[in-house]
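# Structural overview
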Amino acid sequence: MIYTTHTPEETAELGKKFALQLKKGDTICLDGEMGAGKTVFVQGCAKALGFNEPVTSPTFTLCNEYITKELKILHYDLYRIMDEDDLFSVGFYDNDGDIVFVEWAGNADITDRKCIHLKFSYGSGNNERNIEIPD
Ligand SMILES: Nc1ncnc2c1ncn2[C@@H]1O[C@H](COP(=O)(O)OP(=O)(O)O)[C@@H](O)[C@H]1O
Ligand SMILES: [Mg+2]
């Protein structure tokens, strides 16, 4: 199903709703151009999962951790990742997150687990974004 949003708030709200179905062990892969709303979406997800602090892009850190009472959430950004070795060095294969978000997942070949794939793209208006979420 493709959802169209018109503000960052709407995208975060969609993330909140999406996150309600997530369970421990889930990996969510977010792909789409720079600025398409992947991080904003994860911000909504993290809030719905009980993390109440600000969520920022892990563009430089490669991975952020959000600890709640029940969950350890990992938030990767693989924009700068070149190969499997890089993925290995950022601890991706340590599997120590309960719920894992991966921006730019398409930059790596994730074969060790099943992922929920989300696709982000720009719509026609300036602030329009199309977000494809599997049914
Ligand atoms: N409908 C929308 N959904 C999400 N972000 C939007 C929307 N309209 C405008 N924006 C802006 O686009 C940018 C999206 O940034 P971000 O979520 O970091 O993108 P990405 O992580 O995909 O690179 C933000 O600056 C946000 O304010
Ligand atoms: Mg981002």
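The structure reproduced in this document is the subject of the present report. (Residues numbered from 1 in each chain as written. Chains lettered and ligands numbered in written order. Predicted model: local features only at pLDDT ≥ 70, side-chain atom pairs only at ≥ 80, totals over all residues. Heavy atoms only, no water.)

## Comments concerning the coordination of the magnesium ion (ligand 2)
Note the threshold: Donor criterion used throughout: N, O or S atom within 2.8 Å of the metal, extended to 3.2 Å for Na, K and Ca. Water excluded; incomplete-looking sites may result. Put simply, DSSP marks the helices as runs of H or I at least four residues long and the strands as runs of E at least two long, and each gets a number from the N terminus on. The cut-offs for exposure are 20% and 50% of the maximum accessible area for each residue type, with area from a 1.4 Å probe on protein chains only; residues under the lower value are buried, those over the upper are exposed, and the others partly exposed.
Bound to the magnesium ion (ligand 2) are the protein donor atoms Thr-39 (OG1) and Glu-103 (OE), situated 2.1 Å from the metal. Of this pair, Thr-39 sits in helix H2 (residues 38–48) while Glu-103 is found in strand E5 (residues 99–103), placing the two residues 64 residues apart along the sequence. In this pair, the class of Thr-39 matches that of Glu-103, namely buried.

## Looking at the pairing of strand E7 (residues 129–132)
Quick reminder of the rule: Paired strands, as defined in this entry, are two strands with at least two bridges between them according to DSSP.
As paired elements, strand E1 (residues 2–5) and E7 share four bridges and run antiparallel to each other. Across the sheet, residue Tyr-3 finds its bridge partner in E7, namely Ile-131. In terms of strand pairing, strand E6 (residues 116–122) meets E7 through four bridges, oriented antiparallel. Paired with Phe-120 across the bridge in E7 is Ile-131. Connecting E6 to the antiparallel partner E7 that follows it, the hairpin turn spans six residues.

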